[in-house]
Every structure is written in C-alpha cells, then in structure tokens.
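Survey of secondary and tertiary structure
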Amino acid sequence: MEQDKIRHPLIKVFFTSFVLFLISLLPVLIASKGVFLWIGDYNDQTIIFIERVHRVLHSKQGIPVYDWCTFLGMDFLSAYGEHVVSPFDWFLYILPYKAVPYAHSVLLAIKTGLASVTAYIYCRQYVKKDRSAFICGLLYAFSGFQLFNLVYQFSDRYLLFPLLLYSFDQLVINKKPLCFALLLGLNNLMSFYFCWIICVNIAIYYIVRTVTGSFPRLDIKLFLRLAAEVLLGLGSGMVSMLPCMLVLIGNN
C-alpha cells in the first residue's frame, strides 16, 4: 500500500540517525568546546593513533617501513593498518591537522547514519513495510552495543556487517555473485582480525538459516559458489594481511 512506502528511505534513515546522534552529543561538545572526548582507549589510543598517522601521511619523508615512534618500535603497517586502510579515516586525513579533533564527532555521526542505512537494507528483505525497516535501522544504529563501540576502530566493521549479511543472502538465495566477495575483501583489508570473527558469524548464520529452512540445503553447486566467494574475498585482503603475518611470525 502507498501509505506503507517511504520516499527516499535510505536518505531519510541516514539523516535521521545523523541528526539524532549529533543532537545527543551536543551537551558533550558544548562542555568540551567542540572536541568529542570519551574514556579509556578512545582518548589514549584511537585519537593518538589517528593523529600519528595523519602526521606521517602529511610528512615529506613518506611512510616509514619501521616506525621508532610507535611503542618500542614497530613496523608501520602492523601498528596502524586498521587506521590506514579504513575509508572512513581518510575523511580525517584529508583535513588540516588542527581540524582533526573537531571532525571526530562528524565522522561518528556519519558512521551512525550509515549503520542505520545498512541495517535498513538488510531488514527490508524480511518486512512488509518501509516503516518497519526504518525502525530496524534506527534500533541497530542506536543499540547499546553499537554506541558503546562506536568510538573504536572496529565500529567500521559493525556498520558493514548488515550489508555483508544482505550480500550473503543474495548469493545463497538469488545466486548473485561478487558482492559478498568484495565486501568480505574490504572487511579483510580493514581488519583481518575481525574478518575471521565475521567469517565465524556468517557460518553460524548459514547453519541456523539452513536448519530453519529459510536457506537451501548445501549441495555441490552451492558449496563451490560459496567457496569461490570466500576464497576471492579473503585472498583480496592478503594485501594487508600477509605482510603483517610475516612480521608477526618473525618476531620472537
């Protein structure tokens, strides 16, 4: 029915979450004069790491292979790989250094908006009304788990997760290739630690949906299709994963 439809739902759910997040953040921003501060690792690691990468990327000396200014000395890619590869952090790196502390809140609002969009896309497959998926998007973006972890780097993976599930559904049910592999590869590039966790979650998701009868049972064609997508996705992430593994293996 027409009243069940929302015009431009993705745009509306994004800006609803974006604005609501900034409004909820206003008391903190006013008290801290525009700089969003949190507790624990966010202040002591995330902000400091991003500022270090920003300085390196804007340095005339280029990116060091081994950075003596990190910990007791560490290779740059293993130390800051999650901050270099993530497309969301590049929003901060293109800004002048003095503007970076003030831009964190805007970036977090963008992530919240995108989390609601990806959750909307996934949930819209299984509900009759746009409004239901709209509410699902807001509930996901503003869940306690999502907001608590939003200030850390792995929040990028959480906002991509519903889209990964959606592409997996399309692969299994509608036999649409490549999207799942591309998203899995992006997750692997951004963080191979979290990528393996995501793979376990996808495996559990497939088993549960197969047992409940909402997925087709595994046959040789489906197995080969899934195997090809997983190998392509994980293989594309070896660009960042393999160098880090070699360094870690060589560290006694």
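The paragraphs below set out a description of the structure included in this document. (Residues numbered from 1 in each chain as written. Predicted model: local features only at pLDDT ≥ 70, side-chain atom pairs only at ≥ 80, totals over all residues. Heavy atoms only, no water.)

Focus: the side chain of K111
Where we set the bar: Comment: elements are numbered from the N terminus, with helices defined as DSSP H or I runs of at least four residues and strands as E runs of at least two. A 3.5 Å cut-off defines polar contacts: any pair of N or O atoms within that distance qualifies, except that in protein one atom must be a possible hydrogen donor and the other a possible acceptor, and neighbouring residues in sequence count only when both atoms are side-chain atoms. Residues are treated as being in contact if the distance between any of their heavy atoms lies within 4.5 Å.
As for its position among the elements, K111 is in helix 5 (residues 100–123). Within the local environment of K111, its side chain forms a polar contact with the side chain of D156, the two groups lying 2.7 Å apart. With residues up to four places along the chain from it excluded, the contact list for K111 reads F88, L150, S155, D156 and L159.

Some points on a nonpolar patch on the surface
Under the convention used in this document: Like charges within 9 Å and nonpolar side chains (Val, Leu, Ile, Met, Phe, Trp, Tyr) within 5 Å are joined into patches, using only residues over 30% in relative accessible area that form no salt bridge. Areas reported as accessible are Shrake-Rupley estimates using a 1.4 Å probe. Residue values count occlusion only from the protein chains shown. A side-chain nitrogen of Lys or Arg and a carboxyl oxygen of Asp or Glu constitute a salt bridge if their distance falls within 4 Å. Three exposure classes are used, based on accessible area relative to the maximum for each residue type with a 1.4 Å probe and protein chains only: buried under 20%, partly exposed in between, and exposed over 50%.
Where nonpolar side chains cluster on the molecular surface, the patch consists of V19, L20, I23, L26 and I30 and spans about 460 Å² of accessible area. Tracing the backbone shows I23 in helix 1 (residues 9–31). Classification of I23 as partly exposed rests on a relative accessible area of 49%.

What to know about the state of the cysteines
The line we're drawing: Counting rule for disulfides: a pair of cysteine sulfur atoms within 2.5 Å.
Under the defined criterion, the tally for this structure stands at 0 disulfides. Free of any disulfide, C123 has its nearest cysteine sulfur in C136, 3.9 Å distant. Given the relative accessible area of 17%, C123 is considered buried. Between C179, a cysteine without a disulfide, and C195, which holds the nearest cysteine sulfur, the sulfur-to-sulfur distance is 16 Å.

A word on helix 2 (residues 41–57)
Helical geometry note: an α-helix holds 3.6 residues per turn, so side chains three or four residues apart project in the same direction. Selection criterion: A helix is expected to reach a length of 1.5 Å times the quantity of its residues less one.
With 17 residues, helix 2 should cover 24 Å at 1.5 Å per step; its first-to-last C-alpha distance of 23 Å lies within 8% of that length. Of the residues making up helix 2, those classed as buried are Y42, T46, I47, F49, I50, V53, H54 and V56.

Observations regarding the packing of aromatic side chains
Which entries qualify depends on this criterion: Aromatic pairs are defined between Phe, Tyr and Trp rings, using the six-membered ring for Trp, whenever the two ring centres lie within 6.5 Å; interplanar angles under 30 degrees are classed as stacked, those over 60 as edge-to-face, and all others as tilted.
According to the stated counting rule, one finds 13 aromatic pairs in the structure shown. Note on F15 and F18: the rings are 6.4 Å apart at their centroids and 75 degrees apart in plane angle, and the pair reads as edge-to-face. Taken together, the positions of F15 and F18, both in helix 1 and 3 residues apart, correspond to about one turn of that helix. Residue F18 is classed as buried on the basis of its relative accessible area, which comes to 18%.

Topic: the pattern of salt bridges
Scanning all chains against the criterion turns up 5 salt bridges. In this structure, R52 and D67 form a salt bridge, with 2.8 Å as the shortest nitrogen-oxygen distance. In this pair, R52 sits in helix 2 while D67 sits in strand 1 (residues 66–67), placing the two residues 15 residues apart along the sequence. Classification of R52 as partly exposed rests on a relative accessible area of 23%. Among the residues examined, D67 registers a relative accessible area of 3% and is labelled buried. For K111, the salt bridge is made with D156, and the minimal N-O distance between the two is 2.7 Å. Taken as a pair, K111 in helix 5 and D156 in helix 8 (residues 155–173) lie far apart in primary sequence, 45 residues in all. Taken individually, K111 and D156 each receive the classification buried, so the pair is uniform in this respect. In this structure, a network of salt bridges that share partners links the residues K111, D156 and R157.

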